[in-house]
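Per-entry structural report
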Amino acid sequence: MENNKVEVIVVGAGPAGVSSAITLARAGKKVLLIDRADNAGDKNMFGGTIYAKQTAEIFPKFWESAPVERAITEHKIFMLTDFDSTQYSYRYSSKGAYKAFTVIRSKWDKWCVEQAQKEGVYYAPKTLVKELLIDNGKVAGVKTQFEDFYSDMVIIADGVNSLLAKQIGLRKEFTDSDMTLNVKEVFKLPKQRLEDRFNLDENTGSAVRILGGPLKDMFAMGFMYTNKDTVSIGFGVSLDELKKQKVSPYELLDDLKEHPSVAPYIKDGELVEYSAHMIPEGSFNHIPKVFDNRVLLVGDAAGFVDNIHLEGTNLAMLSGKLAAETAVFAIEKGDFSASTLSLYYKKLKDSIIIKDLKTHNNTINVLKKNILTLTTLCPNLACEFFEMFTSADEISKRVKYRKFLSEVLKSGVIFKMMPLAFYALGRCIKK
Amino acid sequence: MNINDKLAALQFNKSNESHLVVDNDICMRCSEKPCLFICPAQVYNWDEKKCLMNIRYENCLECGACKIACSKKNISWRYPDVEYGVKFKNG
Ligand SMILES: Cc1cc2nc3c(=O)[nH]c(=O)nc-3n(C[C@H](O)[C@H](O)[C@H](O)COP(=O)(O)OP(=O)(O)OC[C@H]3O[C@@H](n4cnc5c(N)ncnc54)[C@H](O)[C@@H]3O)c2cc1C
Ligand code: SF4
Ligand code: SF4
């Protein structure tokens, strides 16, 4: 790198930044990728799973050499009541066509960066960008803790808190309802025991979503993922709800771990890590300005997350790629103005990113308004149904059916599900 | 489980300087104090006697929630300098 100058600087080596950097290097451009962590991934936390198809767009056949944990072959939903639960499972045989893998960020992010370096990306680890350098009102590079770097353009991939987007006014201050706070604990178990507990083969894994139970009073969802020899368990809750409830997230996580339907999965596991990280709400109306003179915003920094389907890494990688393609166009044109870089927004609009964010623009608000239906009413009725259906005693079946039916009618569930059903229908019909 | 037991499972490299700063006078006038319970690492602790906010910045998980949740936008928040702060090996 001559005189600390490259064509493009990418700040942040998460999925968004790595995908930007590698796409630029593949087009023969000089690119510097910067991250504050000692090893890429050491500051990062997610659930979680990466999605095979979209990840392979950047790293073809990555599963043959990348440090993936398990190929997901089962999705489960646990609906908890105070003490009981109903559990729904969707299992599929992968037949070599993988859909998703669990990964550990410190291993996965590191591997991604190594691939990028092999393809010609300059990488600066242990480098904290303090601010963007502004020269004559234009972004000219970055100021780090130790030295300055210069470039024609900067791609901002610094994640959910994006201090850099804030610095140059691309986004406003966040509010409580813009974010969910997530906490997670990781438990180590003997591999065989983990596989037996979750009913898995050697390399297959399950992903679990958890509703209700200790999380019933708020817009929150728990999760559990199987790694090679650890189980990750955690939950996310929107900051405004947490504030209303006046509870601490780690106490709620303890309550979740102690629920009789959850506890057996992590029993006797050794706690190897506790962590926290935020997720942006991910709605179309909250997208900040994602391009300006000499800068593009990608990944979590731009709010590109689908919280309903738990997609973030895929949108991060896709937005990173689209930003890089835009940067290549700008370099070849020799013009880094906002109007040239607006090509990025056009590409986003044609991609699933803007389409999906639009579809779910108001979903979280609707879910928040109807949350008790999903976290209390439905789990309770589901358990009551099984209770009624499976108990053998002196009460005649007809009396039991009637009692259950009257419970259903009294609960008003049909009426209460209407807003959700209509909303979902509306999402399908809307152009 | 005690929060300290959870934090004990983590790798931290403590800096001599706090990356989290509050104006104590503003905290004194803050009735809600959401930082006390919202922080996943219980970094903020209010000393009732001294009317002082104790900030155990060395336990910070660098999530950013306190900055947003603070009722008075009173937290000046940045990432710790490189090589300091938390390290996640199972994120
Ligand atoms: C609990 C949880 C569960 C999730 N589950 C899933 C899931 O199952 N599937 C999925 O696809 N997504 C999931 N996500 C979302 C996903 O993790 C994010 O959408 C994705 O990581 C965003 O990628 P990114 O590159 O934009 O940001 P990040 O991955 O956050 O990367 C940002 C990088 O920038 C660096 N950085 C920040 N500031 C600076 C600076 N000033 N100087 C230098 N470096 C800096 C950081 O160290 C970091 O490496 C989950 C998120 C959470 C919190
Ligand atoms: S919420 Fe903010 S102002 Fe209130 S006590 Fe906490 S840090 Fe101080
Ligand atoms: S950043 Fe997160 S962990 Fe650190 S003090 Fe704020 S809320 Fe607590």
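I will try to describe carefully the structure that is included in this document. The shown structure was predicted, so the numbers you read here are calculated from the model rather than taken from an experiment.

Focus: the pattern of salt bridges
Residues and elements named next belong to chain A. This structure, assessed with the given rule, holds 35 salt bridges over all chains. For Asp254, the salt bridge identified is with Lys257, shortest N-O distance 2.9 Å. Note that Asp254 and Lys257 are positioned in helix 7 (residues 249–258) at a spacing of three residues, about one turn of the helix. Residue class for Lys257 comes out buried when judged on its relative accessible area of 11%. Between Lys289 and Asp292 there is a salt bridge whose closest N-O contact spans 3.6 Å.

Here we look at the interface of chain A and chain B
Often, the extent of an interface is quoted as the loss of accessible area on bringing the components together. Counting residues at the interface gives 49 residues for chain A and 37 residues for chain B. The largest contributions to the chain A side of the interface with chain B come from Tyr250(A), Glu273(A) and Tyr274(A), which together make up 17% of the buried area. The interface formed by chain A and chain B includes eight salt bridges. Among the elements that line the side of chain A that touches chain B, the one with the most residues is strand 15 (residues 270–280) of chain A, at eight residues.

Examining the site of ligand 3
In the region of ligand 3, the neighbouring residues are Leu20(B), Cys39(B), Pro40(B), Val43(B), Tyr44(B), Cys60(B), Leu61(B), Glu62(B), Cys63(B), Gly64(B), Cys66(B) and Trp77(B). Among the residues making up the shell around ligand 3, the classes are represented as 10 nonpolar, one polar and one charged.

Here's the deal with the pairing of strand 4 (residues 68–80) of chain A
All names here are of chain A. In terms of burial, strand 4 is largely enclosed, as 11 of its 13 residues are buried. Note that strand 4 and strand 6 (residues 100–103) share three bridges and pair antiparallel. Considered in strand 6, the bridge of Arg70 is made with Thr102. As defined by bridge partners, strand 4 adjoins strand 12 (residues 204–212) across nine bridges and the pair is classed as parallel. Paired with Ile77 across the two strands is Arg209, which belongs to strand 12. Looking at chain direction, strand 4 and strand 5 (residues 85–91) are connected through seven bridges and run antiparallel. Its bridge partner lying in strand 5, Glu74 is registered against Arg91. If you look at the hairpin formed by strand 4 and strand 5, you'll find four residues sitting between the two strands.

Things to note about the environment of Ala97(A)
Residues and elements named next belong to chain A. Among the structural elements, Ala97 can be located in the loop between strand 5 and strand 6. Owing to a relative accessible area of 53%, Ala97 belongs among the exposed residues under this scheme. Residues Ala97 and Phe291 lie 194 residues apart in sequence; the distance between their C-alpha atoms is 36 Å.

Remarks on the environment of Lys73(B)
Assignment of secondary structure puts Lys73(B) in the loop between helix 4 (65–69) and strand 5 (75–77). The exposure class assigned to Lys73(B) is partly exposed, which follows from its relative accessible area of 47%. For Lys73(B) and Cys30(B), which are 43 residues apart along the polypeptide, the C-alpha to C-alpha distance reads 11 Å. Discounting residues that sit within four places of it in the chain, Lys73(B) has contacts with Phe174(A), Lys67(B) and Ile68(B). At a separation of 2.6 Å, a polar atom in the side chain of Lys73(B) contacts the main-chain carbonyl oxygen of Ile68(B).

Looking at the site of ligand 2
Looking at ligand 2, the residues that line it are Val22(B), Cys27(B), Cys30(B), Lys33(B), Pro34(B), Cys35(B), Met53(B), Cys70(B), Ser71(B), Lys72(B), Asn74(B) and Ile75(B). Of the residues in the shell around ligand 2, the class split is eight nonpolar, two polar and two charged.

With respect to the side chain of Glu241(A)
All names here are of chain A. Note on placement: Glu241 falls in helix 6 (residues 239–245). Here Phe219 takes part through its backbone nitrogen, which lies 2.9 Å from a polar atom of the side chain of Glu241. Discounting chain neighbours no more than four positions away, the residues touching Glu241 are Asp217, Met218, Phe219 and Lys368.

Describing the nonpolar core
Membership of the largest hydrophobic core comes to 78 residues, with the highest contact counts inside it found for Phe62(A) and Phe304(A). With 10 residues, the single largest contributor to this core is helix 9 (residues 313–333) of chain A. What Phe62(A) contacts, discounting residues up to four positions off in sequence, is Ile50(A), Ala52(A), Thr55(A), Ala56(A), Val68(A), Phe101(A), Trp108(A) and Trp111(A). Grouped together as the second largest cluster of nonpolar side chains are 67 residues, Met179(A), Trp46(B), Cys66(B) and Cys70(B) included.

How each quantity is defined
Residues numbered from 1 in each chain as written. Chains lettered and ligands numbered in written order. Predicted model: local features only at pLDDT ≥ 70, side-chain atom pairs only at ≥ 80, totals over all residues. Heavy atoms only, no water. Salt bridge = Lys/Arg side-chain N within 4 Å of Asp/Glu carboxyl O. Helix = DSSP H or I, 4+ residues; strand = E, 2+ residues; numbered from the N terminus. Buried < 20%, exposed > 50% of the residue type's maximum accessible area, 1.4 Å probe, protein only. Contact = heavy atoms within 4.5 Å. Buried area = accessible area lost by both parts, 1.4 Å probe. Near = heavy atom within 4 Å. Nonpolar A, V, L, I, M, F, W, Y, C, P; charged D, E, K, R; others polar. Pairing = 2+ DSSP bridges. Polar contact = N/O pair within 3.5 Å; in protein donor to acceptor, adjacent residues only side chain to side chain. Core = buried A, V, L, I, M, F, W, Y, C linked by side-chain atoms within 4.5 Å.

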